[in-house]
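# Geometric and topological summary
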Amino acid sequence: MVGTGKDLFDFIAGTLAAFVDTEDESLKLHFGKVRESGFAFSFPVRQTSVKSGIVIHWTKGFKVEDAVGKDIVKQLQDALGRSGHQIVISALVNDTVGTLAGGRYNFEEETMVGCIIGTGTNACYVERADAVQKWEDPLPKSGEMVINMEWGNFRSHLLPRTFADEEVDRESVNPGCQWFEKMISGMYLGEIVRHVLVRLAEEASLFGASVPVKLYERRTLGTPAVSKMHADTSTDLQVVAKVLRQVYGVETTTLEERKIVHKVCDILGERGGRLAAAGLYGILKKIGRTGTAMNGATDRKKTVIAMDGGLFEHHGTYRAYMEETLQELMGSGAAYEVALRLQNDGSGIGAALLAASHSQFS
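Below, the structure is looked at part by part. (Residues numbered from 1 in each chain as written. Predicted model: local features only at pLDDT ≥ 70, side-chain atom pairs only at ≥ 80, totals over all residues. Heavy atoms only, no water.)

### Details of the overall build of the chain
- Within the chain one finds 12 helices and nine strands.
- Computed over its C-alpha atoms, the radius of gyration of the chain comes to 23 Å, within 12% of the 21 Å expected for a compact globule of 362 residues.
- Counting every atom, the chain has about 18300 Å² of accessible surface; 54% of that belongs to carbon and sulfur.
- Of the side-chain charges in the chain, 40 are positive and 46 negative, and the distance between the mean point of each set is 2 Å. (Helix = DSSP H or I, 4+ residues; strand = E, 2+ residues; numbered from the N terminus. Rg over C-alpha atoms; globule rule 2.2 N^0.38 Å. Areas by Shrake-Rupley, 256 points an atom, 1.4 Å probe, with all protein chains shown as cover. Lys, Arg positive; Asp, Glu negative; His and termini not counted. Charge placed at Lys NZ, Arg CZ, Asp CG, Glu CD.)

### Quick notes on helix α9 (residues 255-286)
- Between its first and last C-alpha, α9 extends 46 Å over 32 residues, near the 46 Å set by a 1.5 Å rise per residue.
- Looking one or two residues past α9, Gly288 carries a phi angle of roughly 75 degrees, positive in sign. (Expected span 1.5 Å × (residues − 1).)

### What about the sheet that holds strand β8 (residues 301-308)?
- The strand order across the open sheet formed by five strands is β7-β6-β5-β8-β9, and the pairing between neighbours is mixed. Lying at the two open borders of the sheet, with one neighbouring strand each, are β7 (144-148) and β9 (336-342). Across the sheet, the axes of successive neighbouring strands diverge by a mean angle of 25 degrees, strand direction being ignored.
- Here strand β6 (residues 121-128) pairs with β7 via five bridges, running antiparallel. Residue pairing in the sheet places Glu127 in a bridge with Met145 of β7.
- Packed on one face of the sheet, helix α11 (residues 316-330) meets β5 (110-117), β8 and β9 and runs near 165 degrees to β9. (Pairing = 2+ DSSP bridges. Axes fitted to C-alpha atoms, helices over the stretch in contact; angles between N-to-C directions. Contact = heavy atoms within 4.5 Å.)

### Topic: the packing of aromatic side chains
- Within this structure, the stated rule accounts for eight aromatic pairs.
- Relative to Phe62, the ring of Phe43 lies with its centre 5.1 Å away and its plane at 65 degrees, an arrangement referred to as edge-to-face. Placement of the pair is Phe43 in the loop between β1 (35-40) and β2 (45-49) and Phe62 in the loop between β3 (52-55) and α2 (72-83), with a sequence separation of 19 residues.
- Ring centres 6.0 Å apart and planes at 85 degrees place the aromatic pair Phe154 and Phe180 in the edge-to-face group. Of this pair, Phe154 sits in the loop between β7 and α4 (163-171) while Phe180 sits in helix α5 (residues 179-184), and the two are 26 residues apart along the sequence.
- According to the relative accessible area criterion, Phe154 is partly exposed, its value standing at 44%.
- Taken together, the aromatic side chains of Phe39, Phe41, Phe43, Trp58 and Phe62 make up a single cluster linked through ring pairs. (Phe/Tyr/Trp six-rings, centres within 6.5 Å; stacked < 30°, edge-to-face > 60°. Buried < 20%, exposed > 50% of the residue type's maximum accessible area, 1.4 Å probe, protein only.)

### Describing the packing of helix α8 (residues 238-248) against α9
- α9 packs onto α8 with a crossing angle of 90 degrees between their chain directions and a minimal axis gap of 9 Å. Put simply, α8 runs roughly perpendicular to α9. Here Gln238, Val240, Ala241 and Leu244 of α8 come into contact with α9, specifically with Arg258, Val261 and His262. (Parallel < 35°, antiparallel > 145°, perpendicular 65-115°, else oblique.)

### Description of the packing of α9 against α11
- Running from amino to carboxyl end, α9 crosses α11 at an angle of 45 degrees, the nearest separation of the two axes being 8 Å. Our classification of the angle between α9 and α11 gives oblique. The handedness of the crossing between α9 and α11 comes out as right-handed. Together, Asp266, Gly269, Glu270, Gly272, Gly273, Arg274, Ala276, Ala277, Ala278, Leu280, Tyr281 and Leu284 of α9 and Tyr318, Tyr321, Met322, Thr325, Leu326, Glu328, Leu329 and Met330 of α11 make up the contact between the two elements. (Left-handed = near helix turned anticlockwise from the far one by under 90°.)

### Remarks on α8
- When α8 is considered as a whole, its buried residues turn out to be Val240, Ala241, Val243, Leu244, Val247 and Tyr248. An end-on view of α8 places all buried positions within 165 degrees of arc, on one side of the element.
- On its buried face, α8 sits against α6 (186-204), α7 (223-230) and α9.
- Two residues or fewer past α8, Gly249 is found with a positive phi of approximately 70 degrees. (Arc of directions from axis to C-beta.)

### Details of the layout of surface pockets
- Size it by volume and the largest pocket reaches roughly 1600 Å³.
- Every residue lining the largest pocket is counted, 42 residues in all, and those nearest its centre are Gln47, Met145, Val146, Ile147 and Asn148.
- Contributions of two or more residues to the lining of the largest pocket are made by β2, β4 (87-93), α3 (95-106), β6 and β7.
- Among the residues making up the lining of the largest pocket, the classes are represented as 22 nonpolar, 12 polar and eight charged.
- Considering only enclosed or pocket space, the second largest pocket measures out at about 470 Å³ in volume.
- Around the second largest pocket, the lining is made up of 18 residues, and of these Glu23, Leu29, Arg35, Glu36 and Ser37 lie nearest the centre.
- For the lining of the second largest pocket, the secondary structure elements donating two or more residues are α1 (5-21), β1 and α12 (346-357). (1 Å grid on protein atoms, 1.4 Å probe; cavity = no way out; pocket = protein on both sides within 12 Å on 5 of 7 lines; lining within 4 Å. Points joined across faces, edges and corners; volume = space filled by probe spheres on them. Nonpolar A, V, L, I, M, F, W, Y, C, P; charged D, E, K, R; others polar.)

What is shown is where atoms sit, not what they do.
Quick look at the structure:
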C-alpha cells in the first residue's frame, strides 16, 4: 500500500499470473489469440481512452507516489510483461462503473447507479451525454455517458463532522482529502468509534478509573469488530463484552458500559448509512428519478442501484439504515421505486464484461 509502483504492479501481475497458471486445459487459448483482461481500478484517474488513464491521486490508505501522473494501464502492462505471461489489458474500469455494468447485465430492471461501500466508497451514474459540459468529442450514439463521481472526496462545511472525524483525517496518509469517505466507509468506521471511546474513557471513566492502554493505539478496532458489536442483540451484550476483552484486554464491564459502547456503534453506523443514502438520493435527484407520482399513480417505475463492497454486504444494520433513509427521502408517494441490489464482485464481473465487449478477438 505504501511503496513503489513497480513493487505494487509486480505483485498484482504475479498474482494474476499465478491464477492463470491454475486454469484448466480447456481454457487454454487457441493459436494466434492473446489472453485479455479487464482492469478494475478503484482510484481517481483521468481516463484518456477505454484502456488508458492517468493516476490523479491515491485513496483508501494507499500512497504510491511514483505512480501518480502516469498511465496506470501501462504500469500494469509492463509488469505483466515482466511476469512472462502474455496478457493484454483491453479495458480500464473504475470499480463503480464495473458494478454498474454488472447490474445492467444481471438485473431486469433499469440500473442507473453503481455504488461501492466497502474499504472506501465511490459512486457512478448514467447521465445524459449532452449534460456533460467538459466532453468535447462527438456525443455517443446512445446519448448517455457514465459519470464516475469520486464522491469519497466530497467535502462541505455542512457535513456533520466531529472531533473524531478530525482526528481520523489528521492521522491519515492524505489529510484534508476524502472527507466523505472517511465518514462512511469501512476503513475508517472502526477508528472513529475508537476515538469516541477514548474520549468517553478519559472524560466519563467509561472503563473505570484508568483508560485501557491499548485503546490509545491507532487502528486497533477494525470495522468487522464494530459490526459484530453493533449486531449484538443479546440481553447482556456478551458479544460487546467479548470484543472489548479480546481487543483491549478489558476483562470486566458492566451492562451499562456495554450499552454505551453498543450505542456508540449504533450512532456512527446510523450516521454512515444515512449519509450514504443522502448521497444516493442526490444522484437520483440529479437524473430526475425523484418526485411525486402524478395523480396518485400506482404503477411506479423501478430504478436499481447496483451495490458492492464488504461494509454494505456484511454490516446488516448499516445497510438497513441506508435503505430506510433512502425510502424516507424518496417519500411515500414517490414516482419511482428504488432498490439497492447487491452485485457481488460487481467491479470484477463488470470489468470482465467490458473487457470482453472491447476484445480485439471477439
